[in-house]
Amino acid sequence: MTKIAVAKGDGIGPEIMEAVLSVFEAAKVPLTYEFVDMGKWVFDKGYSNGMTPEAQQSIESLGILFKGPMETPKGKGVKSVNVTARKTWNTYANKRVFQTLHGVDTVFSKAGIPIDITVVRENIEDTYGGIEHMITHDVALSRRFITRPGSMQVIKYAFEMASKNGAKRITCGHKANIMKLTDGLFLECFYEVAKDYPDLKADDVIVDDLCMKLVTRPDLFDTVVLTNLQGDIVSDLCAGLVGGLGFAPSANIGDHICIFEAVHGTAPDIAGKNIANPTALLLSGLAMLRHLGLMESAAMIENALLYTLEQGVHTGDFGTKGTASVNTTDFSKAITANFGKTPAHGAKPMLPNKPITPTTFKLDKNPMIFSKDEDGVKIVGVDLFIESTEQPSIVAEKALKQTGDLFKLVTISNRGTQVWPKGSVFTNLVEQYCCRFESVGETAVTQTDIMALYKRIAEDFKVCSTELLNVFGDKKGYSLAQGQ
Ligand code: NAI
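Because the structure is a prediction, the values reported are computed rather than measured.

Rules of the game
- Residues numbered from 1 in each chain as written.
- Predicted model: local features only at pLDDT ≥ 70, side-chain atom pairs only at ≥ 80, totals over all residues.
- Heavy atoms only, no water.
- Helix = DSSP H or I, 4+ residues; strand = E, 2+ residues; numbered from the N terminus.
- Buried < 20%, exposed > 50% of the residue type's maximum accessible area, 1.4 Å probe, protein only.
- Contact = heavy atoms within 4.5 Å.
- Areas by Shrake-Rupley, 256 points an atom, 1.4 Å probe, with all protein chains shown as cover.
- Lys, Arg positive; Asp, Glu negative; His and termini not counted.
- Charge placed at Lys NZ, Arg CZ, Asp CG, Glu CD.
- Core = buried A, V, L, I, M, F, W, Y, C linked by side-chain atoms within 4.5 Å.
- Arc of directions from axis to C-beta.
- Polar contact = N/O pair within 3.5 Å; in protein donor to acceptor, adjacent residues only side chain to side chain.
- Patch = residues over 30% accessible without salt bridge, like charges linked within 9 Å, V, L, I, M, F, W, Y side chains within 5 Å.
- Salt bridge = Lys/Arg side-chain N within 4 Å of Asp/Glu carboxyl O.
- Domains from an automatic or database assignment.
- Buried area = accessible area lost by both parts, 1.4 Å probe.
- Pairing = 2+ DSSP bridges.
- Near = heavy atom within 4 Å.
- Nonpolar A, V, L, I, M, F, W, Y, C, P; charged D, E, K, R; others polar.
- Right-handed = clockwise from strand over helix to strand, strands pointing away.
- Axes fitted to C-alpha atoms, helices over the stretch in contact; angles between N-to-C directions.
- Phe/Tyr/Trp six-rings, centres within 6.5 Å; stacked < 30°, edge-to-face > 60°.
- Lys NZ or Arg CZ within 6 Å of the ring centre and 35° of its normal.

### Quick look at the overall build of the chain
In terms of helices and strands, the chain carries 14 helices and 18 strands. Here the C-alpha coordinates of the chain stretch approximately 80 × 50 × 45 Å along the principal axes. By residue count, 47% of the 484 residues in the chain fall in the buried class. In the chain, 77% of the contacts between residues at least 6 apart in sequence involve partners at least 24 apart. For the chain, the accessible area works out to roughly 23,400 Å², and carbon and sulfur atoms hold 54% of it. Taken as two groups, the 50 positive and 56 negative side-chain charges of the chain have centres that lie 1 Å from each other.

Written out as structure tokens, the structure reads:
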């Protein structure tokens, strides 16, 4: 039998995991489990990444982690173990399926509007890098990385999955109208991959408009792919459309390791009471069974779950007010009692189980993913972020004295808005300016030239941060300041 790693998690985690594994056991799912130590109590024992080295070793050799929700201790300077796990093992695609479930009343189910949306969220990059600095007393900076290979990985996965599932439409949600380089790169990758799938209607919607459209006409959407933070928000919005977090499963897909978990957290308000809804974790478990090829087991359990929901059996977080709710254990017992029953809506075909291919991968070095720079790059200047409480004209006067022969000062901005050479006295200023120096005639300069400029500017100001101005072929690799 195939062995997978299981981490029960914190809060309601152990209760719902027990419920789900009891359903698997009753269904004779051919899996065995290695329970691994991850979560809050592991942080408390002094493991700063929230998992023991033995847990890491087991997961890396087994390749599949089925996990309950885990709490990140607040204010201890530690990072979320959930995010660490996704990033460490490069589970670059977070797939979340949101479907109308009969028996789970929502405004849409009552209006007869069916929902079947799959959100694929990029899972590694974006502001979830958590690379943040206080660069002055007043100014915090978060770095948002969107990379070409990272975007290509998740977008290729989304197209391949959509095409295999017979999807009619795939939509890229983004904010490329504002974040022209980061979201612009993601969108560019989306249309690049779309060329390989001519039968799939590929389009894009700006993320705020997407939110509005999802709540007004969710039935128009099929597969939606987004960057990490926007995907996080949009997928919770979609969970709300189908009845809440209790029904939102998630699969974190990578080339080597995959993690299956519910979207929701540890629900500390109801933990230990045996009243949590195990459906989201069960649906995540069913995605895992299908990923492993256990089609028949997954269909049998899912049909029993759908039948149970149709019968009006419910935990306290959903369902008809007039019908008494059942606890977590009894909800799972009701599912096992309905094995073999067929739901009236959305019955899953009983496809045969496929043989499970053992995970044979072994890596001895970190995979490097990069695309070739065909055009070549040249440095044509630098943005120096400096600390100052002086007026823009004074900052400019000092900076202009230090440009030397190679550079010209082209603009000074404050929080992204140009304040010199033109600007408005109505623009509020914070104690940090960005001074943009470009090379005279846009000729290539060296890092040594930049460092010499840095040194001269540092005589008058504290330089908090720097970014090179790169040009790739004839494409500028930097944005303009607002008003420039
Ligand atoms: P949460 O999802 O735990 O709870 C939000 C609300 O939904 C609460 O009212 C809760 O009772 C309810 N709820 C959630 N799951 C439910 C279920 N299965 N059945 C019935 N009701 C349910 O979100 P919150 O409160 O923001 O986070 C609590 C903790 O969980 C935090 O420490 C957070 O870091 C962690 N978390 C972990 C995640 C993971 O392990 N993947 C994901 C999200 C949060």
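### Topic: the nonpolar core
Grouped together as the largest cluster of nonpolar side chains are 67 residues, with contacts concentrated most on Phe24, Phe66, Ile155, Phe159, Met288, Leu289 and Ile301. With residues up to four places along the chain from it excluded, the contact list for phenylalanine 24 reads Val29, Tyr33, Phe66, Leu282, Gly285, Leu286, Met288, Leu289 and Ile301. In terms of nonpolar packing, the next biggest core, distinct from the first, is built from 21 residues, Leu384, Leu409, Val419 and Phe461 among them.

### Thoughts on helix α12 (residues 328-337)
Listing the buried residues of α12 in full gives Thr328, Phe331, Ser332, Ala334 and Ile335. For α12, the angular spread of buried residues about the axis comes to 155 degrees, placing them on one side. Opposite its buried face, α12 presents the exposed residues Lys333 and Ala337, each directed more than 90 degrees away. Against α1 (13-26), α10 (279-292) and α11 (295-310) lie the buried residues of α12. At the N-terminal boundary of α12, the capping side chain belongs to asparagine 327, with an oxygen 3.2 Å from the backbone nitrogen of threonine 329.

### Quick look at a negative patch on the surface
On the surface, Asp373, Glu374, Asp375 and Asp474 cluster together into a patch of negative charge. Positionally, aspartate 373 belongs in the loop between α12 and β13 (377-387).

### Remarks on the side chain of aspartate 383
Checked against the element boundaries, aspartate 383 lands in strand β13. The exposure class assigned to aspartate 383 is buried, which follows from its relative accessible area of 7%. For aspartate 383, the side chain forms a polar contact with the side chain of arginine 436, separated by 2.7 Å. Not counting residues up to four positions away in its chain, the partners in contact with aspartate 383 are Cys434, Cys435, Arg436, Ser465, Thr466, Glu467 and Leu469.

### Some words on the domain arrangement of the chain
Splitting the chain by domain gives domain 1 (1-92 + 254-371), domain 2 (94-240) and domain 3 (377-476). Computed from C-alpha coordinates alone, the two centres of domain 1 and domain 2 are separated by 23 Å. Of the residues lining the interface, 18 residues belong to domain 1; the matching set on domain 2 comes to 21 residues. Where domain 1 abuts domain 2, roughly 1,800 Å² becomes buried across the two surfaces, and 57% of that area is made up of carbon and sulfur atoms.

### Section: the environment of phenylalanine 260
Structurally, phenylalanine 260 is set in strand β12 (residues 258-262). When the C-alpha atoms of phenylalanine 260 and histidine 345 are compared, they prove to be 25 Å apart, with 85 residues separating the residues in sequence.

### Quick look at the sheet that holds β13
Sheet architecture is open: six strands sit in the order β15-β14-β16-β13-β17-β18, paired in antiparallel fashion. Edge positions in the open sheet fall to β15 (417-420) and β18 (475-476), since each of these has one partner strand only. Pairing of strand β14 (residues 407-414) with strand β16 (residues 432-439) involves six bridges; the strand directions are antiparallel. Within β16, the residue paired with phenylalanine 407 across the bridge is serine 439.

### Overview of the site of the ligand
As a structural note, the neighbourhood of the ligand is formed by 21 residues, with Met70, Gly265, Ala267, Asp269 and Asn277 the closest of them. In this structure, methionine 70 approaches the ligand through a main-chain N or O atom, which is 2.8 Å from an oxygen atom. One of the side-chain N or O atoms of asparagine 82 is found 2.9 Å from an oxygen atom in the ligand. When the free accessible area of the ligand is taken as 810 Å², the share hidden by the protein chains comes to 68%. Of the residues that constitute the shell around the ligand, the class distribution is nine nonpolar, six polar and six charged.

### Notes on the pairing of strand β1 (residues 2-7)
Sheet topology places β1 next to strand β2 (residues 31-35); five bridges connect them, and they run parallel. What sits directly across from lysine 3, in β2, is threonine 32. You can see the chain leave β1, run along α1 and come back into β2, and the turn it takes is right-handed. Of the pairings in the sheet, the one linking β1 to strand β3 (residues 64-67) comprises three bridges and is parallel in character. Along β3, the bridge assignment pairs alanine 5 with leucine 65.

### Looking at the sheet that holds β3
Reading across the sheet, the 10 strands line up as β2-β1-β3-β12-β11-β4-β5-β10-β8-β9 and stay open at both edges, with mixed pairing between neighbours. Only two strands of the sheet have a single partner each, and these edge strands are β2 and β9 (201-206). Shown here is a sheet whose adjacent strand axes are inclined to one another by a mean of 25 degrees, direction ignored. On top of the sheet, helix α3 (residues 53-62) reaches β1, β2 and β3; it is set at about 145 degrees to β1, its chief contact. This element, α10, spans β1, β2, β3, β11 (249-253) and β12 of the sheet and lies at about 155 degrees to β12.

### What to know about the packing of aromatic side chains
Scanning the entire structure with this criterion turns up seven aromatic pairs. Measuring from centroid to centroid gives 6.2 Å for phenylalanine 24 and phenylalanine 66, while their planes differ by 15 degrees, and the two rings are stacked. Of the two residues, phenylalanine 24 is situated in helix α1 and phenylalanine 66 in strand β3; the sequence distance between them amounts to 42 residues. Overall, phenylalanine 24 belongs to the buried group, its relative accessible area being 0%. A network of ring pairs unites the aromatic residues Phe159, Phe190, Tyr191 and Tyr197 as a single cluster. Above the ring of phenylalanine 35, the side-chain terminus of lysine 8 is found at 5.1 Å from the ring centroid.

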